[in-house]
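What the coordinates show
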Amino acid sequence: MKLTEHFTLEEFTRSITATRLKIDNHVPDDLMVNIHLTANKLESVREALAHPIIISSGYRCPALNNKVGGSQTSAHTKGLAVDFQCAYGNPKQICQRLIMAGVEFDKIIQEYNQWVHIEFSHTNQRRRVLTAVKQNGKTIYLPGLI
Ligand SMILES: [Zn+2]
């Protein structure tokens, strides 16, 4: 199902983990409003980067979120966050570009130099910027881009 010019619902729900564990990761009707918001905001992200963005994790139902070790309050479970990569550059370069271009987001996290987590809000986009790193096997979040 097409959501916007460049994004489909399938990109938000597909998950290797969900498929492997036979978890039904469909989006409940009441969360579709969030998915639409996220897809619309991602169009601005795509435009700023001038390259397609590859969503590695979008919506996660609670069962899937538990399996991948997501936080209980993860915006992924509300359809308001995606993890992505983009041929534009590495995660730090992508974050820098989004900040410079004035793209609206509530929070971006440069995660482990592997991907970018971006999340949105229906109200104010606070444009918070964090970097996730592993220290002694635990994830910690540092302010800004590192
Ligand atoms: Zn994420």
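Residues numbered from 1 in each chain as written. Predicted model: local features only at pLDDT ≥ 70, side-chain atom pairs only at ≥ 80, totals over all residues. Heavy atoms only, no water.

**Digging into the UniProt feature "domain: Peptidase M15A C-terminal" (unreviewed entry) in the chain**
Under the feature "domain: Peptidase M15A C-terminal" (unreviewed entry), the UniProt entry names residues 6-118. When the span residues 6-118 is considered, its composition is 39% helix and 18% strand, and the gap between its end C-alpha atoms is 17 Å. (UniProt positions renumbered as here; feature names shortened; annotations may be inferred. Helix = DSSP H or I, 4+ residues; strand = E, 2+ residues; numbered from the N terminus.)

**Notes on the sheet that holds strand β2 (residues 81-86)**
Ordered in space as β1-β2-β4-β3-β5-β6, the 6 strands form an open sheet in which the pairing is mixed. Edge positions in the sheet fall to β1 (53-57) and β6 (138-143), since each has one partner strand and no second. Strand-to-strand twist in this sheet, taken as the mean axis angle between neighbours without regard to direction, amounts to 30°. Contacts between helix α3 (residues 32-49) and the sheet are confined to β1, β2 and β4 (115-119), with β2 contributing the most and set at about 20° to the helix. (Pairing = 2+ DSSP bridges. Axes fitted to C-alpha atoms, helices over the stretch in contact; angles between N-to-C directions. Contact = heavy atoms within 4.5 Å.)

**Notes on the pairing of strand β5 (residues 128-135)**
Pairing of strand β3 (residues 107-111) with β5, which is carried by 5 bridges, proceeds in the parallel orientation. Pairing of I108 across the sheet is with V129, part of β5. Taken together, the 6 bridges between β5 and β6 define a ladder with antiparallel strand orientation. Following the sheet pairing, L130 is matched in β6 by P143. The loop that links β5 with its antiparallel partner β6 comprises 2 residues; one of these, N136, has a positive phi angle of about 50°.

**Concerning the coordination of the zinc ion**
The protein atoms donating to the zinc ion are H76 (NE2), D83 (OD) and H117 (ND1), with metal-donor distances spanning 2.0 to 2.1 Å. Here the donor residues for the zinc ion map to a single chain with the spacing H-x6-D-x33-H. The pair formed by H76 and D83 is uniform in burial state, with each residue classed as buried. (Donors = N, O, S within 2.8 Å, 3.2 Å for Na, K, Ca; no water. Buried < 20%, exposed > 50% of the residue type's maximum accessible area, 1.4 Å probe, protein only.)

**Considering the packing of aromatic side chains**
Within the structure shown, the criterion is met by 1 aromatic pair. Both rings, one in Y112 and one in W115, keep their centres 5.6 Å apart while their planes meet at 70°; by these two values the pair is edge-to-face. Note on Y112: relative accessible area 24%, which makes it partly exposed. (Phe/Tyr/Trp six-rings, centres within 6.5 Å; stacked < 30°, edge-to-face > 60°.)

**Observations regarding unusual backbone geometry**
The general pattern is negative phi for most residues beyond glycine and trans for most peptide bonds. Its identity as a non-glycine residue notwithstanding, A50 has a phi of 55°, on the positive side. Topologically, A50 is positioned in the loop between α3 and β1. Phi is positive for N113, close to 60°, though the residue is something other than glycine. Tracing the sequence through the fold places N113 in the loop between β3 and β4.

**A look at the pattern of salt bridges**
Tallying each qualifying case throughout the model produces 4 salt bridges. Each of the salt bridges in this network shares a partner with another, and the network as a whole consists of D106, R126 and R128. (Salt bridge = Lys/Arg side-chain N within 4 Å of Asp/Glu carboxyl O.)

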